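Spelled out, the chains give:
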Amino acid sequence: MNNALLLAGKVAMISGAASARGIGLATARLFASHGAKVAILDLDEGAAIEAAAAIGPEHRGYACNVADKDACLKATERAIADFGQIDVLINNAGITQPVKTLEIDPVSWDRILDVNLRGVLYLSQAVIPHMQAQGGGAIACMSSVSAQRGGGILGGPHYSAAKAGVLGLAKAMAREFGPSNIRVNCVTPGLIQTDISAGKLSDQQKAEIAASIPLNRLGNAEEVAGAYLFLASNLSAYITGAVIDVNGGMLIHG
């Protein structure tokens with residue numbers, strides 16, 4: 001075995017991972033390059049299957065609406081049937097909406113909270129029993145700098161609330177399942193250039209935002225994937241309940 005492969009022999013399930021320029025697919029590619037077999041989850045099963053096949057024949061794609069508990073259970077069982085194990089869960093699926101507080105209607109509130117927060121709970125509930133049975137695992141959840149600073153660039157207050165909820169949920173799960181050797185951590189990206197942000201900011205707006213960031217640029221999907229790789233691998237074997245910032249210094253804690 002090549003010791004440079006951080007995930008050799010591991011199986012990783014990644015939600016929201018079929019988008020061509022997304023963090024999920026970048027993570028799937030990086031994990032595969034480090035020896036993992038990857039299960040890609042997406043609302044669009046065809047897109048998930050296609051994305052998995054593009055990485056390699058040993059990977060799989062499944063349909064999954066993370067806000068539907070039964071769908072999460074079914075996708076998890078399919079992965080177990082195909083791979084025999086799940087060692088890593090990346091709760092990556094998410095959506096956003098750029099509205100102000102007084103513009104948030106009940107349907108929008110439910111939609112943003114369901115995908116971003118409820119989805120983390122449901123998919124974790126589906127996978128954790130398998131991790132317990134096999135003696136451990138690693139879970140990493142997608143939060144956001146928006147949760148830390150009270151708003152981001154593109155997401156509304158309901159998005160900030162959902163992502164703050166992810167931080168609290170992940171820390172509580174880390175505490176609860178640490179005795180089962182299941183580590184749970186979060187990443188909090190800043191403004192990352194993905195399909196979600198594509199076309200929503202002008203070049204001038206991007207330049208102005210970049211000028212306010214210490215590293216003087218926006219991030220890319222591969223850089224968030226690198227944080228996920230660290231949290232999924234044994235490099236972080238004694239890290240749980242942590243939050244890894246990937247924001248170029250947009251938010252520097254005191």
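Note that the coordinates shown come from a computational prediction; the quantities given were computed from them, not determined experimentally.

Novice: Teacher, can you tell me more about helix α6 (residues 157-177) here?
Specialist: Because an α-helix completes one turn every 3.6 residues, residues spaced three or four positions apart along the sequence face the same direction. For α6, which comprises 21 residues, the first-to-last C-alpha distance of 30 Å matches the rise-based estimate of 30 Å (1.5 Å per residue) to within 8%. For α6, every residue scored as buried is listed here: H158, Y159, S160, A162, K163, V166, L167, L169, A170, M173, A174 and F177.

Novice: Sorry if this is basic, but what is going on with helix α8 (residues 221-232) here?
Specialist: Between its first and last C-alpha, α8 extends 16 Å over 12 residues, near the 16 Å set by a 1.5 Å rise per residue. Burial in α8 covers these residues: A221, V224, A225, A227, Y228, L229, L231 and A232. Between a side-chain oxygen at the N-terminus of α8 and the backbone nitrogen of E222 the separation is 3.1 Å; the capping residue is N220.

Novice: Just checking my understanding: could you explain the nonpolar core for this structure?
Specialist: Side chains of a nonpolar character, in soluble globular proteins, are inclined to be buried together. Counting residues in hydrophobic clusters, the biggest one holds 37 residues, and the most contacted among them are M13, I139, C141 and V184. Of all elements in the fold, only β1 (11-15), β2 (37-42), α3 (69-83), α4 (106-134), β5 (137-142), α6 and β6 (182-189) reach the threshold of two or more residues within this core. It is α4 that provides the largest number of residues to this core, a total of 8 residues. Counting residues in each nonpolar core, the second largest holds 32 residues, with I14, I40, L229 and L231 among its members.

Rules and cut-offs
Residues numbered from 1 in each chain as written. Predicted model: local features only at pLDDT ≥ 70, side-chain atom pairs only at ≥ 80, totals over all residues. Heavy atoms only, no water. Helix = DSSP H or I, 4+ residues; strand = E, 2+ residues; numbered from the N terminus. Expected span 1.5 Å × (residues − 1). Buried < 20%, exposed > 50% of the residue type's maximum accessible area, 1.4 Å probe, protein only. Polar contact = N/O pair within 3.5 Å; in protein donor to acceptor, adjacent residues only side chain to side chain. Core = buried A, V, L, I, M, F, W, Y, C linked by side-chain atoms within 4.5 Å.

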